[in-house]
Amino acid sequence: MAEVLFYHLTESTLEDALPGLLERSLQRGWKAVVQAGSEERRDALDAHLWTFRDDSFLAHGSDREPWPAEQPIVLTVGGENPNAAEIRFLVDGASPPDIGTYQRAVFLFDGHDAMQLEAARGHWKTMKAGGHTVTYWQQTPDRRWERKA
């Protein structure tokens, strides 16, 4: 069973939070897949990960490019795991595939978007019913993560 984390974004945007979480995943030696809710969002994240910081970038590819298996991070809109990732990030209400093969799955959702909140609640119930270890994290005013459940 995968460990499933729900990250409730209340103080920052996905673009602010995702790079740090991806960096920590790579530091653990994990490959990552980021599943977006739309091709437009995937493409925006693709551009953002190259430029999110002046002194750094996150090497990655997308499911529309050749050789995704060679990438440490793959951005996708589908349910595949083209780089044999250990961790899967689901953003913008993306519907998860079977996550049983991952060590960890992370749902990031915008706390100011009613549709994303409702989708996260549904995914929470599904993941708990599936026997996964599920935790809920919310941002504090200083943008740190605090475990709530």
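Residues numbered from 1 in each chain as written. Predicted model: local features only at pLDDT ≥ 70, side-chain atom pairs only at ≥ 80, totals over all residues. Heavy atoms only, no water.

**Description of the sheet that holds strand E3 (residues 61–62)**
Formally: Here, a strand pair is defined by DSSP locating no fewer than two bridges between the strands. Strands here mean DSSP runs of E at least two residues long; helices mean DSSP runs of H or I at least four residues long; both are numbered from the N terminus. The criterion used for residue contact is that any of the two residues' heavy atoms lie within 4.5 Å. Between N-to-C directions, angles span 0 to 180 degrees; the directions come from axes that are lines fitted to C-alpha atoms, helices contributing only their stretch in contact.
The eight strands are arranged E3-E4-E2-E5-E6-E1-E7-E8 in an open sheet whose pairing can be described as mixed. At either margin of the open sheet sits one strand with a lone partner, and together these are E3 and strand E8 (145–147). In this structure, strand E1 (residues 3–9) lies alongside strand E7 (residues 133–139), joined through six bridges in parallel fashion. Looking at E7, one finds that Glu 3 is bridged to Thr 133. Helix H1 (residues 14–27) contacts E1, strand E2 (32–35), strand E4 (73–76), strand E5 (87–91), strand E6 (104–110) and E8 of the sheet and is inclined by roughly 175° relative to E5. The strands touched by helix H2 (residues 39–51) within the sheet are E2, E3, E4 and E5, with E4 carrying the most contacts at an inclination of about 150°.

**With respect to the pattern of salt bridges**
Filter applied, for reference: Should a side-chain nitrogen of Lys or Arg be within 4 Å of a carboxyl oxygen of Asp or Glu, the pair is scored as a salt bridge. Each residue's exposure class comes from its accessible area (1.4 Å probe, protein chains only) as a fraction of the maximum for that residue type: buried when under 20%, exposed when over 50%, partly exposed otherwise.
Evaluation of the coordinates by the stated rule reveals 13 salt bridges. Linking Arg 121 and Glu 118 is a salt bridge whose minimum nitrogen-to-oxygen distance equals 3.6 Å. Here Arg 121 pairs with Glu 118, and both are found in helix H3 (residues 114–129), just three residues apart, close to one helical turn. Arg 121 gets classed as partly exposed once you look at its relative accessible area, which sits at 49%.

**Concerning unusual backbone geometry**
One non-glycine residue, Trp 67, lies in the positive phi region at around 60°. Structurally, Trp 67 is set in the loop between E3 and E4. The class for Trp 67 is exposed, based on a relative accessible area of 64%. Its identity as a non-glycine residue notwithstanding, Ala 84 has a phi of 55°, on the positive side. Summarising the element assignment, Ala 84 is placed in the loop between E4 and E5. Accessibility expressed as a relative area gives 54% for Ala 84, which makes it exposed.

**Some points on H3**
As a reminder of what qualifies: To estimate how far a helix should extend, the number of its residues minus one is multiplied by 1.5 Å. Summarising the geometry, the arc corresponds to the directions from the helix axis toward the C-beta atoms. N or O atoms closer than or at 3.5 Å make up a polar contact, with two conditions inside protein: a donor-capable atom paired with an acceptor-capable one, and, for residues adjacent in sequence, both atoms drawn from side chains.
Over its 16 residues, H3 runs 23 Å from end to end, which matches the ideal 22 Å to within 8%, given 1.5 Å per residue. Turning to H3, its buried residues number three or more, namely Gln 116, Leu 117, Ala 120, His 123 and Met 127. Along H3, the residues classed as buried sweep out an arc of 125° about the axis, all on the same side. The outward face of H3, more than 90 degrees from its buried face, is lined by the exposed residues Ala 114, Met 115, Glu 118, Lys 125 and Ala 129. Where H3 begins, the capping side chain belongs to Asp 113, and its oxygen is found 2.9 Å from the backbone nitrogen of Met 115. Gly 131, located one to two residues past H3, shows a positive phi value of around 85°.

**Section: the environment of Arg 64**
Among the secondary structure elements, Arg 64 is positioned in the loop between E3 and E4. Through-space distance from the C-alpha of Arg 64 to that of Asp 46 is 11 Å; in sequence the pair is 18 residues apart. Contact partners of Arg 64, with chain neighbours within four places excluded, come to Arg 42, Asp 43 and Asp 46. Polar contacts involving the side chain of Arg 64 include one to the side chain of Asp 43, which spans 3.0 Å.

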